[in-house]
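These are the residues of each chain, in order.
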Amino acid sequence: MRIKVSGEWGFALVSLAAVGLFYGVLSFVVEKVLLFNVPEDRKDDHILSKLVFWATVLLLIADMLLVVLPIAGIQLLPITLLDLI
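Since we're looking at a predicted model, the values are computed, not measured.

Asks: Just checking my understanding: could you explain the overall build of the chain for this structure?
Replies: What the chain contains, in helices and strands, is three helices and zero strands. Reading the helices (α) and strands (β) of the chain from amino to carboxyl end gives α-α-α. Computed over the C-alpha atoms, the radius of gyration of the chain is 17 Å, more than 25% above the 12 Å expected from 2.2 N^0.38 for a compact globule of 85 residues. Its C-alpha atoms give the chain principal-axis dimensions of about 45 × 35 × 20 Å. Every one of the 85 residues in the chain was classed for burial, and the buried ones make up 20%. Considering only contacts within the chain whose residues lie at least 6 apart along the sequence, 48% involve residues at least 24 apart. Total accessible area on the chain is roughly 6,500 Å²; 69% of this is exposed by carbon and sulfur atoms. Charge-centre separation for the chain: the mean point of 6 positive side chains lies 8 Å from the mean point of 8 negative side chains.

Next up, the structure:
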């Protein structure tokens, strides 16, 4: 099965995929590499795990404001990432 998305919506899809990839890689590095000595029950409460989550939330908000909403016709900011392309 092939899904072909191009144009502005393709850019939005790729930007959301990049945020997901960022979360996956950063989560793996923090959980498996940096917190390998921390017990399992304390890993979720560790500050690094919370930082990964909140950094991803901030990236998703920025992605919505700079890419997805302008494509849908709602421009809340004076500049978008689509203006730079």
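Text resumes after the structure shown.
Asks: I would appreciate a short explanation of helix H3 (residues 47-71) in the present structure.
Replies: Turn by turn, an α-helix covers 3.6 residues, leaving residues three or four places apart pointing in a common direction. In a regular helix each residue adds 1.5 Å, so 25 residues correspond to 36 Å; H3 covers 35 Å between its end C-alpha atoms and thus fits that length. At Met64, H3 is bent by approximately 45 degrees, the largest bend along its length. Within the sequence span of H3, burial applies to Ser49, Val52, Thr56, Asp63, Val67, Val68, Pro70 and Ile71. Backbone geometry just after H3 places Gly73 at a positive phi near 100 degrees.

Asks: Even after reading the chapter, I still don't get the environment of Ile79, so can you show me in this structure?
Replies: The topology assignment puts Ile79 in the segment after H3. Spatially, the C-alpha atom of Ile79 lies 9.9 Å from that of Val67, the residues being 12 residues apart in sequence. Sequence-distant contacts of Ile79, defined by excluding residues within four places in its chain, comprise Leu66 and Leu84.

Asks: How should the packing of helix H1 (residues 7-34) against H3 be read in this particular structure?
Replies: Direction vectors running N to C along H1 and H3 enclose 175 degrees, while the axes themselves pass 10 Å from each other. The orientation of H1 with respect to H3, classified from their angle, is roughly antiparallel. For the contact of H1 with H3, the per-class residue count stands at 19 nonpolar, four polar and three charged.

Asks: Hey, could you run me through the side chain of Asp63 in this one?
Replies: Of note, Asp63 is situated in helix H3. Note on Asp63: relative accessible area 6%, which makes it buried. Residues within four places of Asp63 in sequence aside, it is in contact with Ser15, Leu16 and Val68.

What counts, and at which threshold
- Residues numbered from 1 in each chain as written.
- Predicted model: local features only at pLDDT ≥ 70, side-chain atom pairs only at ≥ 80, totals over all residues.
- Heavy atoms only, no water.
- Helix = DSSP H or I, 4+ residues; strand = E, 2+ residues; numbered from the N terminus.
- Rg over C-alpha atoms; globule rule 2.2 N^0.38 Å.
- Buried < 20%, exposed > 50% of the residue type's maximum accessible area, 1.4 Å probe, protein only.
- Contact = heavy atoms within 4.5 Å.
- Areas by Shrake-Rupley, 256 points an atom, 1.4 Å probe, with all protein chains shown as cover.
- Lys, Arg positive; Asp, Glu negative; His and termini not counted.
- Charge placed at Lys NZ, Arg CZ, Asp CG, Glu CD.
- Expected span 1.5 Å × (residues − 1).
- Bend = angle between axes of the 7 residues up to and from the residue.
- Axes fitted to C-alpha atoms, helices over the stretch in contact; angles between N-to-C directions.
- Parallel < 35°, antiparallel > 145°, perpendicular 65-115°, else oblique.
- Nonpolar A, V, L, I, M, F, W, Y, C, P; charged D, E, K, R; others polar.

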